[in-house]
Amino acid sequence: MSVPEPAPVPVDEIDLTLPNPARVYDYMLGGGHNFATDREFAERLLVALPDTRELALANRAFLGRAVRACLDRGVRQFLDLGSGIPTAEPVHEIAHRADPTARVAYVDVEPVSVAMSRQLLTGVEGASITAADLTDVEAVLAAPGVAGLLDPAEPVAVLAVSVLHFVGDDDLLGALFDRYTTAFGPGSMLVVSHGSTDVDDPRIAERMRTVERFTQDTAQPARSRDRALLRRLLVDRPGHRLELLEPGMVDVADWRAEAGRSPAGPAGMYAVVGEVVPRR
């Protein structure tokens, strides 16, 4: 299914003087969809934190495992919020290997990431890219690339991987996911990874504080949240709860780590994967 989208923002209207997290992430994953300012920022971060690339890879590997877990539960629709650039094992490739009819709606606010995603998805059936801010839920859900692709009566896995730390307001974040997680049919899922300094290893906590400080010089400053706050904002909600899949809320490197693949160590990011269950 091919879904029309509005024309992209002209390149000459895009500010390329600031590094962007989506393009920095693409560089860390070995992608080629980034600019000099993104690469320079990434290299400065790698000098300060040499294992940053391993963190990006651990987060990406978690996304793949979580998507496959959703597929195993019968979910065939995905809404990927803050998707960045769909390279390096993107969601639609994973989903289409399991079921070629699976549908993936990517959403990102950064114009260059959207433009590059549009190029990469040209000719790909069952996948779309929407230029929208994930904090504008109604605009996201009404966009042609979302409303024209996803069936709201059927379950959808809402993915927000390594993006919610760019939403600074706690109450807003909770309200957003009250709306997203109840917009789709029974059996819908939520998949989140989120940076935190609330970890046992002080070195990992300091690493995340350093990443947080570095992002203050980017187009999208980030903030971390602790485990208890993430549970309140995403898991234990007044109108619904998330029935977390095993092993619960753990570091992304530990969430169903594949046998024979030893993670480099904790990433300092919590994984949240669960089924949305209405409260009675």
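Residues numbered from 1 in each chain as written. Predicted model: local features only at pLDDT ≥ 70, side-chain atom pairs only at ≥ 80, totals over all residues. Heavy atoms only, no water.

What to know about the overall build of the protein
Under the convention used in this document: Elements are defined by DSSP. Helices are runs of H or I of four residues or more, strands are runs of E of two residues or more, and each kind is numbered from the N terminus. Note on classification: 1.4 Å probe, protein chains only; a residue is buried when its accessible area is under 20% of the maximum for its type, exposed when over 50%, partly exposed between these limits. We call two residues contacting when some pair of their heavy atoms lies within 4.5 Å. The accessible surface values rely on the Shrake-Rupley method and a 1.4 Å probe; as for residues, cover is taken only from the protein chains in view.
Regarding its fold elements, the protein presents 10 helices and 8 strands. Relative to its full complement of 280 residues, the protein shows a buried share of 53%. Partitioning the intrachain contacts of the protein with sequence separation of at least 6 by distance along the chain shows that 72% fall at a separation of at least 24. For the protein, the accessible area works out to roughly 12,200 Å², and carbon and sulfur atoms hold 54% of it.

Brief notes about the confidence of the model for the protein
Inclusion rule: As a per-residue quantity, pLDDT reports the predictor's confidence and falls between 0 and 100.
The predicted model of the protein has a mean per-residue pLDDT of 86, with 90% of residues at 70 or higher. Per-element confidence in the protein is highest for strand 1 (residues 77-81), whose mean pLDDT is 98, and lowest for helix 9 (residues 202-214), whose mean pLDDT is 74. Contacts of residues 1-11 to residues separated by more than four positions or lying in other chains number 21 contacts, the stretch itself having pLDDT below 50.

As for the pairing of strand 3 (residues 127-131)
Under the convention used in this document: For two strands to be treated as a pair, DSSP must find no fewer than two bridges joining them. Here the term right-handed applies to a crossover when the path leading from its first strand over the helix to its second strand runs clockwise, the strands being oriented away from the viewer.
Among the 5 residues that make up strand 3, 4 are buried, leaving the element largely enclosed by the rest of the structure. Of the strand pairs in this sheet, strand 2 (residues 103-108) and strand 3 are connected by 5 bridges, and their pairing is parallel. Bridging from a neighbouring strand, Tyr-106 pairs with Ile-129 of strand 3. Assessed by its sense of winding, the connection that carries the chain from strand 2 through helix 5 (residues 111-120) to strand 3 is right-handed.

Quick look at the packing of aromatic side chains
So the rule is basically this: Here a Phe, Tyr or Trp ring, Trp counted by its six-membered ring, pairs with any other such ring whose centre lies within 6.5 Å, and the pair is stacked when the planes are under 30 degrees apart, edge-to-face when over 60, and tilted otherwise.
The final tally for this structure, using the stated rule, is 2 aromatic pairs. With centroids separated by 5.5 Å and ring planes inclined at 45°, the aromatic side chains of Phe-177 and Tyr-180 adopt a geometry described as tilted. Within this pair, Phe-177 and its partner Tyr-180 are both found in helix 8 (residues 170-181), separated by 3 residues, close to a single helical turn. For Tyr-180, a relative accessible area of 0% corresponds to the buried category.

Considering the nonpolar core
Across soluble globular proteins, nonpolar side chains show a tendency to be buried alongside one another. What counts is decided by this rule: Residues enter a nonpolar core if they are buried and are Ala, Val, Leu, Ile, Met, Phe, Trp, Tyr or Cys, with the set joined through side-chain atoms within 4.5 Å.
Counting 36 residues, the largest nonpolar core has Leu-79, Leu-81, Leu-164, Phe-177, Tyr-180 and Leu-234 as its most contacted members. Where this core is concerned, the elements lending two or more residues are strand 1, strand 2, helix 6 (137-142), strand 4 (157-161), helix 8, strand 5 (189-195), helix 10 (227-235) and strand 8 (269-278). With 5 residues, the top contributor of residues to this core is helix 10. Dropping the residues within four chain positions of it, Leu-79 is found in contact with Ala-105, Val-107, Val-140, Leu-141, Val-146, Leu-150, Val-156, Ala-157, Val-158, Leu-159, Tyr-180 and Phe-184. If you look at the next biggest cluster of nonpolar residues, it comprises 34 residues, including Val-67, Cys-70, Val-75 and Val-252.

Re the side chain of Arg-60
Note that Arg-60 resides in helix 3 (residues 52-72). Leaving out residues up to four positions away in the same chain, Arg-60 has contacts with Tyr-25, Leu-29, Ile-85, Pro-86, Thr-87, Ala-88, Glu-89 and Pro-90.

Examining the side chain of Thr-181
So the rule is basically this: Between N or O atoms, a polar contact is any pair within 3.5 Å; within protein, one atom must be a potential hydrogen donor and the other a potential acceptor, and residues adjacent in sequence are included only when both atoms are from side chains.
As for its position among the elements, Thr-181 is in helix 8. Polar side-chain contacts of Thr-181 include one of 3.2 Å to the side chain of His-240. In contact with Thr-181, not counting residues within four places along its chain, are Leu-190, His-240 and Val-276.

Concerning helix 2 (residues 36-48)
Quick note on the threshold: Expected helix span is given by 1.5 Å per residue-to-residue step, counting one fewer step than there are residues.
When the terminal C-alpha atoms of helix 2 are compared, their 19 Å separation across 13 residues agrees well with the 18 Å that a helix rising 1.5 Å per residue should span. Those residues of helix 2 that sit buried are Thr-37, Asp-38, Phe-41, Ala-42, Leu-45 and Leu-46.

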